[in-house]
Amino acid sequence: MTRAASALDQVAYALFSRRADASRHDRNRERYRGSGVEVPFDVFVARLHALAWVVAALAAPTAAALAPFALAVLPGVTATVGVPEAAVRTAAFGLGGLVAHRATTMLGGRYLAWRARARRIAIGRTLPGAVRYLRALSTGTDDRRTMLAKVAENDDAYGATADAAGAVLAKAELTGSL
């Protein structure tokens, strides 16, 4: 990671990391656990909210600038008679920023769901072969760690299952328990 990206991460984390504990992120937290994203959840949420604010900051003035033109082009819109253009622009500014922010955070949740689904499919596709391999290994003298290590090393054949086996081994090394 570059220094600039690291500094941006630190700023985003300082501003938005508390949002990761909000109950509205419960579904995203569940999606995150299955997604295989390699940054911590609070960092992911901080980055997502920082991006959402950048998108909102770009979308709000754009919406405000385009609102009068959109109202002039849309047929049958006569509700703005007597409403000052400044009020229309202000409303469009607020609504544009709000919609852009909300859409960005929703897309972040959809991204996690997509990653989790793709990972689940990849594991489901490679798991039967890995299980057959583990059964064959279990007839030998290898212990559980060695058998999982052999699956984890064979990334070409077992793909996402090999990655998951490697993660299990890494966690077992940290905790001391398989």
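Predicted model, so just to flag it, every value in this text is computed and none were measured.

Parameters and conventions
Residues numbered from 1 in each chain as written. Predicted model: local features only at pLDDT ≥ 70, side-chain atom pairs only at ≥ 80, totals over all residues. Heavy atoms only, no water. Patch = residues over 30% accessible without salt bridge, like charges linked within 9 Å, V, L, I, M, F, W, Y side chains within 5 Å. Areas by Shrake-Rupley, 256 points an atom, 1.4 Å probe, with all protein chains shown as cover. Salt bridge = Lys/Arg side-chain N within 4 Å of Asp/Glu carboxyl O. Helix = DSSP H or I, 4+ residues; strand = E, 2+ residues; numbered from the N terminus. Buried < 20%, exposed > 50% of the residue type's maximum accessible area, 1.4 Å probe, protein only. Contact = heavy atoms within 4.5 Å. Axes fitted to C-alpha atoms, helices over the stretch in contact; angles between N-to-C directions. Parallel < 35°, antiparallel > 145°, perpendicular 65-115°, else oblique. Left-handed = near helix turned anticlockwise from the far one by under 90°. Nonpolar A, V, L, I, M, F, W, Y, C, P; charged D, E, K, R; others polar. pLDDT = per-residue confidence, 0-100. Lys, Arg positive; Asp, Glu negative; His and termini not counted. Charge placed at Lys NZ, Arg CZ, Asp CG, Glu CD. Phe/Tyr/Trp six-rings, centres within 6.5 Å; stacked < 30°, edge-to-face > 60°.

Some points on a nonpolar patch on the surface
Then comes step 1: A cluster of nonpolar side chains, Leu95, Leu98 and Val99, forms an exposed patch at the surface whose accessible area comes to about 310 Å².
Then comes step 2: Looking at where Leu98 falls in the secondary structure, it is placed in helix H4 (residues 85-138).
Then comes step 3: Taking the relative accessible area as the measure of exposure, Leu98 reaches 56% and is therefore exposed.

A word on the side chain of His101
Then comes step 1: Structurally, His101 can be placed in helix H4.
Then comes step 2: Here His101 falls in the buried class, since its relative accessible area comes to 14%.
Then comes step 3: Setting aside chain neighbours within four positions, we find His101 in contact with His49, Ala52, Trp53 and Ala56.

Focus on the packing of helix H5 (residues 144-153) against helix H6 (residues 155-175)
Helix-helix packing is described using two parameters, namely the angle between the two axes and the distance between the axes.
Then comes step 1: Contact geometry of H5 with H6 gives a least axis separation of 6 Å together with a crossing angle of 135°. The angle between the axes of H5 and H6 places the two elements in the oblique class. For the element pair H5 and H6, the recorded crossing hand is left-handed. Two secondary-structure elements touch here, H5 through Arg145, Leu148, Ala149, Val151, Ala152 and Glu153 and H6 through Asp155, Tyr158, Ala162, Ala165, Gly166, Val168, Leu169, Ala172 and Glu173.
Then comes step 2: Looking at the contact of H5 with H6, its residues break down into 10 nonpolar, one polar and four charged.

As for the environment of Ala46
Then comes step 1: Counting through the fold element by element, Ala46 comes out in helix H3 (residues 41-73).
Then comes step 2: In sequence terms Ala46 and Ser17 are 29 residues apart; their C-alpha atoms lie 5.0 Å from each other.
Then comes step 3: In contact with Ala46, not counting residues within four places along its chain, are Ala12, Tyr13, Phe16 and Ser17.

What about the packing of H4 against H5?
Then comes step 1: The N-to-C vectors of H4 and H5 enclose an angle of 140°; their axes lie 10 Å apart at closest approach. Between H4 and H5, the angle is such that the two are oblique. Where H4 crosses over H5, the handedness of that crossing is right-handed. Here Ala130, Tyr133, Leu134, Leu137 and Ser138 of H4 come into contact with H5, specifically with Met147, Leu148, Lys150 and Val151.
Then comes step 2: When its residues are assigned to classes, the contact of H4 with H5 shows seven nonpolar, one polar and one charged.

Digging into the confidence of the model for the chain
Then comes step 1: Residue-level pLDDT values for the chain average 82, and 91% of them are 70 or greater.
Then comes step 2: Taken element by element, the chain is modelled with least confidence in helix H1 (residues 3-16), mean pLDDT 76, and with most confidence in H3, mean pLDDT 88.

Quick notes on a negative patch on the surface
Then comes step 1: A cluster of acidic residues, Glu38, Asp155, Asp156 and Asp163, forms a negative patch at the surface.
Then comes step 2: Structurally, Asp155 is set in helix H6.
Then comes step 3: The exposure class assigned to Asp155 is partly exposed, which follows from its relative accessible area of 39%.

Topic: the packing of aromatic side chains
Then comes step 1: A complete count under the given rule lists three aromatic pairs for this structure.
Then comes step 2: Ring geometry for Tyr111 and Trp114: centres 6.2 Å apart, planes at 35°, overall tilted. Here the residue Tyr111 and the residue Trp114 both occupy positions in helix H4, the gap between them amounting to three residues, near one helical turn.
Then comes step 3: Take Trp114: its relative accessible area is 54%, and that puts it in the exposed class.

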